[in-house]
Amino acid sequence: MVTTGEGAAARLIRADLDATRATVRSLLDSFSKEDWRRQSRNPGWANGEVMAHMVFGFVVVIALLPLTRLWGRLPKDSSRAFARMLNRFTGPFNRVNAFGARMQGRLFAPDRIGAVYDRAAGLLLKKAATIGNAEWERGMYYPTRWDSNFSEFMTLEKLFRYPVTHFNFHLRQIAR
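Nothing here was measured: the structure is a model prediction, and the numbers come from that model.

**Looking at the packing of aromatic side chains**
Okay, so step 1: Evaluated as defined, the whole model comprises nine aromatic pairs.
Okay, so step 2: For the pair Tyr141 and Phe153, a centre-to-centre distance of 5.0 Å together with 75° between the ring planes defines the contact as edge-to-face. Taken as a pair, Tyr141 in strand E1 (residues 139-141) and Phe153 in strand E2 (residues 153-155) lie far apart in primary sequence, twelve residues in all.
Okay, so step 3: Of the aromatic side chains, those joined through ring pairs into one cluster are Phe58, Tyr117 and Phe167.

Shown next, in the form of structure tokens:
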């Protein structure tokens, strides 16, 4: 019998999202308009653009969940060729990724970015509650050239934890 609910993995995910929410709120509350537009420690990106990129990582996971759950039901190696194919499109992916963050950072004010985070984190928690205990270790191969925080094979648990890792990776790029 497969059970769902808040098992160990979901509890860790909840704790990570709660800690990240506090950091997001603290950062967003501390930004002045000048801070938001200030050059970050990531060359060519303003603080607001980095922040939008960091938060968008949570939204991306919501989009990746159905794909990962699907591949996770198939034989493990079945997604390896798909990941290799995606790696071939790293250049276009990087351009779209950068363009999206830059536009979001310019168009969205800090309160909007906070609302996006809150919605994404809430939805991730709801989705985590639907994962059966046996499903957490299922996953798929990922295009590791797209993000250094991607593992070659990512289980659902790793995928749920990815946006916090991605967020913390970019956190040190915020200039004060």
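**Things to note about the environment of Met154**
Okay, so step 1: Here Met154 is to be found in strand E2.
Okay, so step 2: In contact with Met154, other than residues within four places in its own chain, are Thr68, Arg138, Gly139, Met140, Tyr142, Leu159 and Tyr162.

**A look at the pattern of salt bridges**
Okay, so step 1: Scanning the model with the defined rule gives twelve salt bridges in all.
Okay, so step 2: Asp18 is the partner of Arg21 in a salt bridge, and the nearest nitrogen-oxygen pair spans 3.5 Å. Taken together, the positions of Arg21 and Asp18, both in helix H1 (residues 8-30) and three residues apart, correspond to about one turn of that helix.
Okay, so step 3: Take Arg21: its relative accessible area is 26%, and that puts it in the partly exposed class.
Okay, so step 4: On the accessibility criterion, Asp18 (37% relative accessible area) is partly exposed.
Okay, so step 5: The network of salt bridges with common partners includes Asp18, Arg21, Arg25 and Asp118.

**Overview of helix H5 (residues 90-107)**
Okay, so step 1: End to end, H5 covers 25 Å across 18 residues, agreeing with the expected 26 Å (1.5 Å per residue, within 8%).
Okay, so step 2: Buried residues of H5: Thr90, Ala98, Ala101, Gln104 and Gly105, and no others. When H5 is viewed along its axis, its buried side chains cluster within an angular range of 135° and face the same direction. Exposed and facing more than 90 degrees away from the buried side of H5 are Arg95, Val96, Phe99, Arg106 and Leu107.
Okay, so step 3: Summarising the contacts, the buried residues of H5 are in contact with helix H2 (33-37), helix H3 (47-72) and helix H4 (80-87).

**Here we look at the side chain of Gln104**
Okay, so step 1: Position of Gln104 among the secondary structure elements: in helix H5.
Okay, so step 2: In contact with Gln104, other than residues within four places in its own chain, are Ala52 and Phe56.

**Remarks on the packing of H1 against helix H6 (residues 110-128)**
Okay, so step 1: H6 packs onto H1 with a crossing angle of 175° between their chain directions and a minimal axis gap of 11 Å. Judged on the interaxial angle alone, H6 and H1 are roughly antiparallel. In this structure, H1 uses Ala10, Arg14, Leu17, Thr20, Arg21, Val24, Arg25 and Leu28 to contact H6, whose residues at the interface are Pro110, Ile113, Gly114, Ala115, Tyr117, Asp118, Ala121, Gly122, Leu124, Leu125 and Ala128.

**Observations regarding the confidence of the model for the protein**
Okay, so step 1: Here the protein averages 93 in pLDDT, and 97% of its residues register 70 or above.
Okay, so step 2: Between the elements of the protein, mean pLDDT differs from a low of 92, seen in H5, to a high of 98, seen in E1.

**Describing the nonpolar core**
Okay, so step 1: Counting residues in each nonpolar core, the largest one holds 44 residues, and the members touching the most others are Leu17, Met51, Phe58, Leu124, Trp136 and Phe160.
Okay, so step 2: Listing elements by their share of this core, those giving two or more residues are H1, H3, H5, H6 and helix H7 (156-171).
Okay, so step 3: Per element, the largest residue contribution to this core is eleven residues, and it comes from H3.
Okay, so step 4: The residues contacting Met51, other than those within four sequence positions of it, are Val24, Leu27, Leu28, Phe31, Trp36, Ile113, Phe167 and Ile174.

**Digging into H1**
Okay, so step 1: Helix length check: H1 (23 residues) gives 33 Å between terminal C-alpha atoms against 33 Å at 1.5 Å per residue, within 8%.
Okay, so step 2: When we look at burial in H1, the residues that qualify are Ala9, Ala10, Ile13, Leu17, Thr20, Val24, Leu27 and Leu28.
Okay, so step 3: For H1, the secondary structure elements touched by its buried residues are H2, H3, H6 and H7.

The rules behind each value
Residues numbered from 1 in each chain as written. Predicted model: local features only at pLDDT ≥ 70, side-chain atom pairs only at ≥ 80, totals over all residues. Heavy atoms only, no water. Phe/Tyr/Trp six-rings, centres within 6.5 Å; stacked < 30°, edge-to-face > 60°. Helix = DSSP H or I, 4+ residues; strand = E, 2+ residues; numbered from the N terminus. Contact = heavy atoms within 4.5 Å. Salt bridge = Lys/Arg side-chain N within 4 Å of Asp/Glu carboxyl O. Buried < 20%, exposed > 50% of the residue type's maximum accessible area, 1.4 Å probe, protein only. Expected span 1.5 Å × (residues − 1). Arc of directions from axis to C-beta. Axes fitted to C-alpha atoms, helices over the stretch in contact; angles between N-to-C directions. Parallel < 35°, antiparallel > 145°, perpendicular 65-115°, else oblique. pLDDT = per-residue confidence, 0-100. Core = buried A, V, L, I, M, F, W, Y, C linked by side-chain atoms within 4.5 Å.

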